[in-house]
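Next come the chains, spelled out residue by residue.
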Amino acid sequence: MNEGFEFIVVTPGGRKFLCFFREFGTLGPMKLATSIRAISSSFGLLLCAEGFAQTSSSLPASDPEKEGVPSAAIQSFIEHLEEDIDAVHSFMILRHGRRIAQGWWTPFDERTPHLMHSLSKSFTSTAIGLAIGEGKLSLDDPVISFFPDDTPADPSWQLKAMRIRDLITMTTGHRKEPRLFNAKSHWVRAFLHSEVEFKPGTHFQYNSAATYMLSAILQSVTEERIVDYLDKRLFQPLEIKKPDWDLSPEGVNTGGWGLRITTEDIAKLGQLYLQKGVWKGNRILSEVWVQEATSKQTSNGSDPDNDWDQGYGFQFWRCRNNCYRGDGAFGQFCIVIPEHEAVVAITSGTNDMGGVMEAVWDILLPSMRPDPIKPDTANIRSLAIKLKEMSLPAVEGNPRSPVSEELFQRIFKVSENEAGVNSVSFDLHGDDHRITVEMDHGKETLNLGTEKYIRSKMNHHLPFTQGMRRQIGASGAWVKPDEYQAKIYLTETPASILYRFSFKNNRVTWTSQMRHSLFGPKNLTILRGQ
């Protein structure tokens, strides 16, 4: 196979595309004036991805076959996720340090940072490793030594014995995780005043509050937030744009959750660990730290077939198949496969996290060969088409209804409610649809595609989505003559919300269902208007 080349195409509308051309066979010189369509159809494969913030990737691209992975296996992996998982948002596969496949299901895209939930913990662990390497911390430092003003007057022997090592391995001695959210302020104090039932280091209990304490400790010794500390030492060297990271009431990055990064950023962290802490020839992180962080430091179960029972390191999970991972709620993954020099980064909004990993183990892992394999042109073309057309299922139904024309220019006044909705109006009769909601904070216009998603940005928030960022992708259709459904992905998060509008007797009944959200409202009020 001949070498390929990358180039940028700018459409008349100003949209940029990063294109990668790979030749098959021997060709004569090509003139620059040759059309993109002609190149694609006549001479080889043109793989294009929308050129957003991550277009100028610092991760080199390569063909799957050149890195020993059949394109057919990657397509099978994608199709399995589409059939069995609701819903994966993106993936990126690295082999030998090169991007061999990547994709985003519309309405998600490569430029928009995605909420990581507990995958944030692996970045916090990395910061602790860096601070230890700089001599600022030790794994054996007592936790209470950093917070004398917040420590109980008569601390228990268990609290006195708790060390950084116990925080980072989830073995603090708590029977239940301290509920920091129940404290409106002073999260460190709330943690230190919670009951510690077991001897630290002897009892595994998943504990995001412990990771918050790591962030607080690092900020106390460096006098900067963990996101700022990592910016100079990790994000900039790996060419990751400084991300957003949630804060506690005291202004401390939450550590165990709340980080927002892109799929490529996830893959870069995995590649750094795969390369034992070295990036482009420069030592970023201690090799000893990488080894310890990704090894089994504590037991968390005994089921050989359960990926949550293979042991826990320093904010990394051990996996089956001699792999390790960082992960976050609803399917955020950084999976590192050392024996095959591979990294798989995934973002999702699903409850079936085990099913996502099974697809990696059952489809991708067996397909990886140590040497390049012969390319199959038909399979490579098929994968390219698949990657280009990936989209989450739109709402199935009709673009019009006998009711839809009657609704035009009507405004339904909504009964008093806790969601802050005053009125709603509908334009559901054209090729694309629009719902306008007057809320306490102002007007929100929801643009919905029929048989597709329309991306937009809310002014503030839609009903029940407060605090969940503003970028959305929405689809809608009439599922019955008198019932309209709208599905909205909050594309900076794993979450989605489904609105159902039922129209009867000049009234509308609006029900809502939130999915894959840890922090969204639990009881969604039924709204009624007339």
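It should be noted that the structure appears before, not after, this text.
Residues numbered from 1 in each chain as written. Predicted model: local features only at pLDDT ≥ 70, side-chain atom pairs only at ≥ 80, totals over all residues. Heavy atoms only, no water.

Caption draft 1: Local environment of helix α12 (residues 377–389). With 13 residues, α12 extends 19 Å between its outermost C-alpha atoms, agreeing within 8% with the 18 Å of an ideal straight helix rising 1.5 Å per residue. If you check which residues of α12 are buried, you get I380, L383, A384 and L387. Along the axis of α12, the buried positions cluster into a sector of 100 degrees, meaning they face one direction only. Opposite the packed face of α12, turned more than 90 degrees from it, sit the exposed residues A378 and E389. Its side-chain oxygen placed 3.1 Å from the backbone nitrogen of A378, D376 serves as the N-cap of α12. (Helix = DSSP H or I, 4+ residues; strand = E, 2+ residues; numbered from the N terminus. Expected span 1.5 Å × (residues − 1). Buried < 20%, exposed > 50% of the residue type's maximum accessible area, 1.4 Å probe, protein only. Arc of directions from axis to C-beta. Polar contact = N/O pair within 3.5 Å; in protein donor to acceptor, adjacent residues only side chain to side chain.)

Caption draft 2: Molecular detail of the side chain of E224. Here E224 is to be found in the loop between α7 (208–222) and α8 (226–235). Among the polar contacts listed, one links the side chain of E224 to the side chain of K232, at a separation of 2.9 Å. Apart from residues lying up to four places away in sequence, E224 is in contact with L218, Q219, Y229, K232 and R233. (Contact = heavy atoms within 4.5 Å.)

Caption draft 3: Representation of helix α9 (residues 263–274) within the structure. With twelve residues, α9 ought to run about 16 Å at 1.5 Å a step, and its terminal C-alpha atoms sit 17 Å apart, in line with that. With respect to burial, α9 is a largely interior element, twelve of its twelve residues being buried. Listed as buried for α9 are T263, E264, D265, I266, A267, K268, L269, G270, Q271, L272, Y273 and L274. At the C-terminal side of α9, K276 shows a positive phi close to 60 degrees.

Caption draft 4: Here's a closer look at the layout of surface pockets. By volume, the second largest pocket amounts to about 430 Å³. In this structure, the second largest pocket is lined by 21 residues; those nearest its centre are S118, E177, Y206, S208 and L518. Of all elements in the fold, only α7 and β12 (324–328) reach the threshold of two or more residues within the lining of the second largest pocket. Residues of the lining of the second largest pocket, tallied by class, amount to twelve nonpolar, five polar and four charged. (1 Å grid on protein atoms, 1.4 Å probe; cavity = no way out; pocket = protein on both sides within 12 Å on 5 of 7 lines; lining within 4 Å. Points joined across faces, edges and corners; volume = space filled by probe spheres on them. Nonpolar A, V, L, I, M, F, W, Y, C, P; charged D, E, K, R; others polar.)

Caption draft 5: Structural view of the packing of helix α2 (residues 71–84) against α12. Contact geometry for α2 and α12: axes closest at 8 Å, N-to-C directions at 35 degrees. Between α2 and α12 lies a crossing of left-handed hand. Taking contact as the criterion, the partners of S71, A72, I74, Q75, I78, E79 and E82 in α2 are, on α12, N379, I380, S382, L383, K386 and L387. For the contact of α2 with α12, the per-class residue count stands at six nonpolar, four polar and three charged. (Axes fitted to C-alpha atoms, helices over the stretch in contact; angles between N-to-C directions. Left-handed = near helix turned anticlockwise from the far one by under 90°.)

Caption draft 6: Spotlight on the sheet that holds strand β11 (residues 317–318). Strand order across the open sheet formed by six strands is β5-β4-β14-β13-β12-β11, with antiparallel pairing between neighbours. Taken across any chain shown, the strands that pair with only one partner, and hence form the sheet edges, are β5 (98–104) and β11. Bridging between strand β13 (residues 332–337) and strand β14 (residues 342–348) involves five bridges; their strand directions are antiparallel. Opposite I337, over in β14, you have A342 as the bridge partner. Against the sheet, α9 makes contact with β4 (88–95), β5, β12, β13 and β14, and its axis sits at roughly 150 degrees relative to β14, the strand it touches most. (Pairing = 2+ DSSP bridges.)

Caption draft 7: Summary view of the packing of aromatic side chains. The tally for this structure, following the rule as stated, stands at 27 aromatic pairs. The interplanar angle of 70 degrees and the centroid separation of 5.5 Å between the aromatic rings of F181 and W257 together place this pair among those described as edge-to-face. In this pair, F181 is assigned in the loop between α5 (164–168) and α6 (187–192) and W257 in the loop between β7 (244–245) and β8 (259–261), connecting sequence segments 76 residues apart. For F181, a relative accessible area of 47% translates into the label partly exposed. A relative accessible area of 10% means that W257 is categorised as buried. Measuring from centroid to centroid gives 6.2 Å for Y499 and F501, while their planes differ by 65 degrees, and the two rings are edge-to-face. Side by side, Y499 and F501 carry an identical accessibility label, which is buried. Grouped by ring-pair contacts, the aromatic residues F412, F426, W478, Y484, Y499, F501, F503 and W510 constitute a single cluster. We note R325 situated over the ring of W308; from NZ or CZ to the ring centre the distance is 4.9 Å. (Phe/Tyr/Trp six-rings, centres within 6.5 Å; stacked < 30°, edge-to-face > 60°. Lys NZ or Arg CZ within 6 Å of the ring centre and 35° of its normal.)

Caption draft 8: Structural context of the pattern of salt bridges. Taken as a whole, this structure holds 25 salt bridges when the rule is applied. Between R455 and D109 there is a salt bridge, with the nearest N and O atoms lying 3.7 Å from each other. Residue R455 is found in strand β19 (residues 454–457), and its partner D109 is found in the loop between β5 and β6 (114–115); the two are separated by 346 residues along the sequence. Of the residues examined, D109 reaches a relative accessible area of 9% and is grouped as buried. (Salt bridge = Lys/Arg side-chain N within 4 Å of Asp/Glu carboxyl O.)

Caption draft 9: Just the sheet that holds strand β16 (residues 421–427), in detail. Strand order in this open sheet of four strands is β15-β16-β17-β18, and the pairing throughout is antiparallel. Edge positions in the open sheet fall to β15 (411–413) and β18 (442–448), since each of these has one partner strand only. On average, adjacent strands in this sheet sit at an angle of 20 degrees to one another, irrespective of strand direction. Where β15 lies against β16, three bridges are found, and the strand directions are antiparallel. Its bridge partner being in β16, K413 is matched across the sheet by S423.

Caption draft 10: Spatial organisation of the packing of helix α3 (residues 120–133) against α7. Look at α3 against α7: their axes get within 10 Å of each other, and the N-to-C directions meet at 35 degrees. Crossing handedness for the pair α3 and α7: left-handed. From α3, K121, T124, A127, I128 and A131 reach across to α7, where they touch S208, T211, L214, S215 and L218. Its residues assigned to classes, the contact of α3 with α7 shows five nonpolar, four polar and one charged.

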